[in-house]
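Structural overview for review
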Amino acid sequence: MVWFVTDRLVWYKSSMPPDGTKTRERLLDAAENLALGKGFSATTVDQVIAEAGSSKGAFFHHFASKGDLGRALVARYAAADVASLEHFMALAEDVSDDPAVQLVEFVRSFEEIGAEIAEEHQSSCLYASFVQQRELVEDGGAELIVDAIVAWRRALAEKIVAAAELRPLAADVDPDDLADHVFVTFEGAFILARATSDTSHMRTQLRVLRQSLEALLGVRSEAAPEAR
């Protein structure tokens, strides 16, 4: 998979030579669409094959079973999520050496493209969709989701701890709890935008999150949307 970056919007697309990997990604894309539309449990292997325009031979060449497909689906989403975290954190670290500013800039980068993110993910998997589908979290799927969430918690909590060492926070807060709150806001904003078919919710909720972090950390992003 190759990551493309355009105006801070990151998404992944298959860009592979014709060695069978492209077929695997097409099968995963088909399974993802069907799982979101009707649930993974109600999705059959035959339906995935038909949706992908593939064959049983090709399916079982890449996946030993439907369960194997489910694990691959979760693994792909979790890996993409962690890659996005690392990319935007690197952008924030380029802006400032101050960890508090870096954390605010991290959120602001997503805020700027909030509507685009929500639009891109209207048919993509969300963790909330995964954890409600039993087959997707069995046999290692749940661990993959937890690992990705922990990666977010660790990266964000490290910035919060470093920020607190430089200046007192406006309130006593546990770094892990605050890091989880940032993650929850991202996921909740996705759900709100999708449920209401209003992608502006993504940007709005991230703006509120950024403003809350600014107040807590005692910094402000001069490049914030409302500051321009």
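Residues numbered from 1 in each chain as written. Predicted model: local features only at pLDDT ≥ 70, side-chain atom pairs only at ≥ 80, totals over all residues. Heavy atoms only, no water.

1. Considerations on the overall build of the protein chain
Put simply, the rule reads: Strands here are runs of E lasting at least two residues and helices are runs of H or I lasting at least four, both read from the DSSP assignment and numbered beginning at the N terminus. When a residue's accessible area, from a 1.4 Å probe over protein chains only, is under 20% of the maximum for its type it is buried; when over 50% it is exposed; and in between it is partly exposed. The contact criterion used is simple: two residues touch if any of their non-hydrogen atoms lie within 4.5 Å. For every accessible area listed, the method is Shrake-Rupley and the probe measures 1.4 Å; residues are considered covered only by the protein chains on display.
The helix and strand tally for the protein chain stands at 11 helices and 2 strands. Seen in sequence order, the protein chain has helices and strands lined up from the N terminus as β-β-α-α-α-α-α-α-α-α-α-α-α. Looking at the protein chain as a whole, 45% of its 228 residues are labelled buried. In the protein chain, the share of contacts with a sequence separation of at least 24, taken over all contacts with a separation of at least 6, comes to 67%. Put simply, the protein chain shows about 10900 Å² of open surface, and 51% of that area lies on carbon and sulfur atoms.

2. Observations regarding unusual backbone geometry
For S197, which is not a glycine, the phi torsion comes out positive at approximately 55°. Topologically, S197 is positioned in the loop between helix 10 (175-196) and helix 11 (200-217). Assessed through its relative accessible area of 65%, S197 is described here as exposed.

3. Observations regarding the nonpolar core
Operational definition: Nonpolar cores are built from buried Ala, Val, Leu, Ile, Met, Phe, Trp, Tyr and Cys residues. Side-chain atoms within 4.5 Å join them into one set.
Core analysis: the largest hydrophobic core is formed by 37 residues, its most contacted members being F106, L156, F186, L213 and L217. Looking at this core, the elements with two or more residues in it are helix 4 (66-95), helix 5 (99-112), helix 9 (141-166), helix 10 and helix 11. The element best represented in this core is helix 9, accounting for 8 residues. If sequence neighbours within four positions are ignored, F186 has contacts with F106, F110, W152, M202, L206 and L209. The next biggest cluster of nonpolar side chains, apart from the first, holds 16 residues, and it includes F40, V45, A52 and L69.

4. Description of helix 11
Selection criterion: In this analysis, the expected span of each helix is defined as 1.5 Å times one less than the number of residues it contains.
In this model helix 11 runs 26 Å from its N-terminal to its C-terminal C-alpha over 18 residues, within 8% of the 26 Å that 1.5 Å per residue would give. In the stretch just after helix 11, G218 is the one whose phi turns positive, near 75°.

5. Here's the deal with the packing of helix 1 (residues 21-38) against helix 2 (residues 45-52)
Here is the rule: Whenever a helix is involved, its axis is fitted only over the stretch in contact; in every case the axis is a line through C-alpha atoms, and angles between N-to-C directions fall within 0 to 180 degrees. An angle below 35 degrees is read as roughly parallel, one above 145 as roughly antiparallel, one from 65 to 115 as roughly perpendicular, and any other as oblique. Here a crossing is called left-handed whenever its near helix is offset anticlockwise from the far helix by less than a right angle, and right-handed whenever the offset is clockwise.
One can describe the packing of helix 1 onto helix 2 by two numbers: an axis separation of 8 Å at closest approach and a directional angle of 120°. Judged on the interaxial angle alone, helix 2 and helix 1 are oblique. Between helix 1 and helix 2 lies a crossing of right-handed hand. Here R26, L27, A30, A31, N33, L34 and K38 of helix 1 come into contact with helix 2, specifically with Q47, V48, I49, E51 and A52.

6. Notes on the packing of aromatic side chains
What counts is decided by this rule: Working definition: a ring pair exists when centres of Phe, Tyr or Trp rings (six-membered ring for Trp) sit within 6.5 Å. Plane angles under 30 degrees give stacked, over 60 give edge-to-face, the rest tilted.
Tallying each qualifying case throughout the model produces 10 aromatic pairs. Summarising the aromatic geometry, the rings of F59 and F63 are spaced 5.5 Å apart at their centres and angled 50° between planes, so their arrangement reads as tilted. You'll find F59 and F63 in the same group, each marked buried. An aromatic cluster of three or more residues is present, and its members are F88, F106, F110, W152, F183 and F186.

7. Some points on the packing of helix 4 against helix 9
Under the convention used in this document: In the scheme used here, Gly and all other residues not listed as nonpolar or charged are polar, with Ala, Val, Leu, Ile, Met, Phe, Trp, Tyr, Cys and Pro taken as nonpolar and Asp, Glu, Lys and Arg as charged.
Two elements in contact, helix 4 and helix 9, have axes whose closest approach is 8 Å; the angle formed by their N-to-C orientations is 10°. One element, helix 4, and the other, helix 9, form an angle in the roughly parallel class. Residue-level inspection shows R71, V74, A75, A78, D81, V82, L85, M89 and E93 of helix 4 in contact with helix 9, the latter providing G141, L144, I145, A148, A151, W152, A155, L156 and K159. Classifying every residue of the contact of helix 4 with helix 9 by side-chain character gives 13 nonpolar, 1 polar and 4 charged.

8. Focus on the side chain of K66
Defined as follows: Nitrogen and oxygen atoms within 3.5 Å of one another constitute a polar contact, given that in protein one can donate a hydrogen and the other can accept it, and given that sequence-neighbouring residues count only through two side-chain atoms.
On the secondary structure map, K66 appears in helix 4. A polar contact is formed between the side chain of K66 and the backbone oxygen of S41, at a distance of 3.3 Å.

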